[in-house]
Amino acid sequence: MEFRRIGNLPPYVFAEVNERKHEARKAGVDVIDLGFGNPDIPSPPGVVAKLVEAAQHGKNHRYSSSRGIPNLRKAVADRYQRAFGVTLDPETEVINTIGAKEGLAHLMWTLVQPGDIALVPEPSYPIHIYAPVLAGAEVRRVHLSTDSDFFDRLTAAFRTSWPKPRVIVTSFPHNPTTVTVDLEFFKRLVEFAHRNDVVLVHDFAYADIAFDGYQPPSLLQVDGAKERAVELYTLSKSHSMAGWRTDTSRRVSCKYPAPRTWESSCTPCLRVTPWPAGVWVLPSVTGRWSEHSPS
Ligand SMILES: Cc1ncc(COP(=O)(O)O)c(C=O)c1O
C-alpha cells in the first residue's frame, strides 16, 4: 500500500544518526553523541513534585481544554510580559500545545496547502521542513550561515519564488548553526511580512539558552508582529523537559483564530496532568539558561 503525504519527506536525519550510532556502539566504538539535542540533566525537582501532586487529583484525569488550562496560558502571558515586555491576552493569544514541534506541525495545516510555498532556512531543524511538506506545500530553502546576510537571502528568495510564499519559518537562536539575531532583524522581517502579505512562524525553542549577556529577542516584541506572526516557545530545553511529551509547557503565541480551531479539532485530549508543572516552573524563568538551570 502506498501511504499518503510521507512520500515527499526527506529522510529523518536523527533516525539515521541513531542507527549509525547504534551500529558503531555495537562494534565497540566509544561514541560521543552530537546528534539529538537531548538535555542530559533531569527536570527540576519542583517540576517533578508538581507532576506527582497533579497526577493524584482525579479531576486531572479527564479531558482538558484543548487550548490549555487557564493558569498555564496566564503563566505564559506573564512570562512574555516579564521577559520581553510583550502583552499577550491569555484568552485569545496563547495556546498550549504538546511541544513546539507538534504546535508547528499543526499550525502549518492552517497556513498552507498544495500549491503554496514556505521559505525555510537551511540547514534547519527537521520539523521546519516537514511541517509544510506534510501540509502539502512546497519548501524553498534559504541558506543560513554565520557569515552571510540572511535577510538579504530571504528577501531575494521571496522575490524569485512563484507563487509568492505564504509563510516564512525562522528560528533564532538557530539550531544547528547557532546564528542569533537582534531585534532590528525582526523589525525588518515584520515590516517585510506586512508589505508582502506573508505569515511569519518563529520557533523560539532556544529562547532561554543564551550566554555572555546576550538575550534572544522575541519576534513579538516588534510593533505589529502579532498581526503577522506566530511564535512557539518551549521549556523542553531550558528546563530539561524534553521527555515531558505528554504534558506541558510549550506554547504557541497566536492572534489568529485558525490555529485555535485546529487545535480544538485535533488535540482535544492534551494531558492536563503535567501542565500544572509548567505553571509552577514558568514564574521562575527569568531569562538566560545559566540563571535558572535545574540544580
Ligand atoms: C529548533 C527546535 N525547535 C523545536 C524543538 C522541539 O521542541 P519541543 O520539545 O517543544 O517539541 C527542538 C528540539 O531539538 C529544536 O531544536
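Structure: see above.
Caption draft 1: Structural view of the overall build of the protein chain. Within the protein chain one finds ten helices and seven strands. Every one of the 295 residues in the protein chain was classed for burial, and the buried ones make up 41%.

Caption draft 2: Spotlight on helix α5 (residues 126-134). For α5, a buried count of seven out of nine residues is recorded, marking the element as mostly surrounded by other parts of the structure. Contact partners of the buried residues in α5: α4 (100-111), β2 (117-122), β3 (138-143), β4 (167-170) and β5 (199-204). Just past α5, the residue G136 takes up positive phi, approximately 95°.

Caption draft 3: Summary view of the nonpolar core. Counting 55 residues, the largest nonpolar core has L104, A118, V167, L200 and V201 as its most contacted members. Not counting residues up to four positions away in its chain, the partners in contact with L104 are I127, A131, V201, D203 and L232.

Caption draft 4: Layout of the site of the ligand. Around the ligand, the surrounding shell holds 13 residues, and the nearest of these are G99, K101, A205, T234 and S236. Here the residues of the shell around the ligand sort into four nonpolar, six polar and three charged.

Caption draft 5: Inspection of unusual backbone geometry at higher detail. The omega torsion across W162 and P163 is 0°, close enough to zero to call that bond cis. With respect to the helices and strands, P163 occurs in the loop between α6 (150-159) and β4. At the junction of N175 and P176, the peptide bond is cis and its omega measures out at 15° in the coordinates. Considering the arrangement of structural elements, one finds P176 in the loop between β4 and α7 (183-196). For T178, which is not glycine, the phi torsion reads 70° and is therefore positive. Looking at the secondary structure, you find T178 in the loop between β4 and α7. For T178, a count of 10 C-beta atoms within 10 Å puts it in the exposed group.

Caption draft 6: Expanded view of the pairing of β4. Here β4 shows two buried faces, one formed by V167 and V169 and the other by I168 and T170. As paired elements, β2 and β4 share two bridges and run parallel to each other. Directly across from L119, in β4, lies its bridge partner I168. The sheet contact formed by β4 and β5 spans four bridges and is parallel. Counted as the bridge partner of T170 is H202 from β5. The parallel pair β4 and β5 is bridged by α7, and the resulting crossover is right-handed.

Rules of the game
- Residues numbered from 1 in each chain as written.
- Predicted model: local features only at pLDDT ≥ 70, side-chain atom pairs only at ≥ 80, totals over all residues.
- Helix = DSSP H or I, 4+ residues; strand = E, 2+ residues; numbered from the N terminus.
- Buried ≥ 20, exposed ≤ 12 C-beta atoms within 10 Å, placed from the backbone.
- Contact = placed C-beta atoms within 7 Å.
- Core = buried A, V, L, I, M, F, W, Y, C linked by C-beta atoms within 7 Å.
- Near = placed C-beta within 6 Å.
- Nonpolar A, V, L, I, M, F, W, Y, C, P; charged D, E, K, R; others polar.
- Pairing = 2+ DSSP bridges.
- Right-handed = clockwise from strand over helix to strand, strands pointing away.

Remember, this is a structural readout, not a statement about activity or role.
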